[in-house]
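One letter stands for each residue in the lines below.
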Amino acid sequence: MRNYIFTILTCIVIAVLSLFPVKELHLENMSLSDKTAHFIMYGGLTAVVLFDKNFQNLKKGMVSLPLWTVVFPILYGGLMELLQAYCTNGNRSGDWLDFIANSLGALIVYALAWLAVLLIVNHNKKQ
């Protein structure tokens, strides 16, 4: 669990942003669209999960991208949408489009990480 401290902290921040009423967070005049914010939050969560997963191995030049590192943020995004819909007394609402934005953020960051690893491995093979 200690190896995933940044993931845990990021999940706490996302939970606070997702579950507290918007007026209490003073985000009602946010300049980014809601869907962009969801995309960035869950893309960021995926990046943090990947970093935490690989932090110890980065020094050795080893990186792994197991499927759970993208599935976890997608499931967490779904959980937050369900909690918004059913546990916020009408202060927040769950939204399928938010869930899609969450998932796209996670999937695109995972795909970019996969592509980066692939390019680095191919570059190292040529040398």
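Here, the structure is the one placed above.
Residues numbered from 1 in each chain as written. Predicted model: local features only at pLDDT ≥ 70, side-chain atom pairs only at ≥ 80, totals over all residues. Heavy atoms only, no water.

Engineer: What is the right way to read the overall build of the protein chain from this model?
Structural biologist: When you go through the protein chain residue by residue, the secondary structure sums to 5 helices and 0 strands. Sequence-ordered secondary structure for the protein chain, helices as α and strands as β, is α-α-α-α-α. Considered along the principal axes of its C-alpha atoms, the protein chain spans approximately 60 × 30 × 25 Å. The buried share of the protein chain, taken over its 127 residues, is 31%. Of all intrachain contacts in the protein chain linking residues separated by at least 6 positions in sequence, the fraction that spans at least 24 positions is 73%. Working note: accessible area of the protein chain is about 8,400 Å², and carbon and sulfur atoms make up 70% of it. (Helix = DSSP H or I, 4+ residues; strand = E, 2+ residues; numbered from the N terminus. Buried < 20%, exposed > 50% of the residue type's maximum accessible area, 1.4 Å probe, protein only. Contact = heavy atoms within 4.5 Å. Areas by Shrake-Rupley, 256 points an atom, 1.4 Å probe, with all protein chains shown as cover.)

Engineer: Got a minute to help me understand the packing of aromatic side chains in this structure?
Structural biologist: The description of an aromatic ring pair uses the distance of the two centres, along with the angle that the planes make with each other. Considering all chains together, one arrives at 5 aromatic pairs under this definition. Measuring from ring centre to ring centre gives 6.1 Å for W96 and F99, while their planes differ by 85 degrees; the resulting arrangement is edge-to-face. One end of the pair is W96 and the other is F99, both in helix α5 (residues 96–126) and 3 residues apart, which spans about a single turn. Among the residues examined, W96 registers a relative accessible area of 67% and is labelled exposed. On the basis of relative accessible area, F99 is assigned to the partly exposed category, the value being 24%. Through pairs of rings, three or more aromatic residues link up here, namely F6, F51 and F55. (Phe/Tyr/Trp six-rings, centres within 6.5 Å; stacked < 30°, edge-to-face > 60°.)

Engineer: Mind showing me how you'd approach the nonpolar core here?
Structural biologist: One broad rule of soluble globular proteins: the nonpolar side chains tend to lie buried together. Formed by C11, I14, A15, M41, Y42, L45, V49, Y76 and M80, the largest nonpolar core amounts to 9 residues. Among the secondary structure elements, those contributing two or more residues to this core are α1 (5–19), α3 (34–58) and α4 (68–87). For this core, the element with the most residues is α3, which contributes 4 residues. The contact partners of V49, leaving out residues within four places of it in the chain, are Y4, T7, W68, T69, F72 and P73. V70, I74, A106 and A113 belong to the second-largest nonpolar core, a separate cluster that totals 7 residues. (Core = buried A, V, L, I, M, F, W, Y, C linked by side-chain atoms within 4.5 Å.)

Engineer: Would you take a moment to explain the packing of α3 against α4 for this structure?
Structural biologist: Geometry of a packed helix pair, given as the angle between the helix axes and the separation of the axes. Packing of α3 against α4 brings their axes to within 9 Å, and their N-to-C directions diverge by 140 degrees. Relative to α4, α3 is oriented oblique. Considering how the two elements wind past one another, α3 and α4 form a crossing that is right-handed. Mapping the contact onto sequence places H38, Y42, L45, T46, V49, L50 and K53 in α3 and W68, T69, F72, P73, Y76, G77, M80 and E81 in α4. Partitioning the contact of α3 with α4 into residue classes produces 9 nonpolar, 4 polar and 2 charged. (Axes fitted to C-alpha atoms, helices over the stretch in contact; angles between N-to-C directions. Parallel < 35°, antiparallel > 145°, perpendicular 65-115°, else oblique. Left-handed = near helix turned anticlockwise from the far one by under 90°. Nonpolar A, V, L, I, M, F, W, Y, C, P; charged D, E, K, R; others polar.)

Engineer: For this particular structure, what's the right way to read the layout of surface pockets?
Structural biologist: One simple way to see leftover space: roll a probe sized like a water molecule over the atoms. Each pocket or cavity is described by its volume, and for the second largest pocket that value is around 160 Å³. In terms of lining, the second largest pocket is formed by G78, E81, L82, A85, Y86, G94, D95, W96 and F99. When residues of the lining of the second largest pocket are traced back to their parent elements, those giving at least two are α4 and α5. At 5 residues, the largest contribution of residues to the lining of the second largest pocket is made by α4. Its residues placed into classes, the lining of the second largest pocket shows 5 nonpolar, 2 polar and 2 charged. (1 Å grid on protein atoms, 1.4 Å probe; cavity = no way out; pocket = protein on both sides within 12 Å on 5 of 7 lines; lining within 4 Å. Points joined across faces, edges and corners; volume = space filled by probe spheres on them.)

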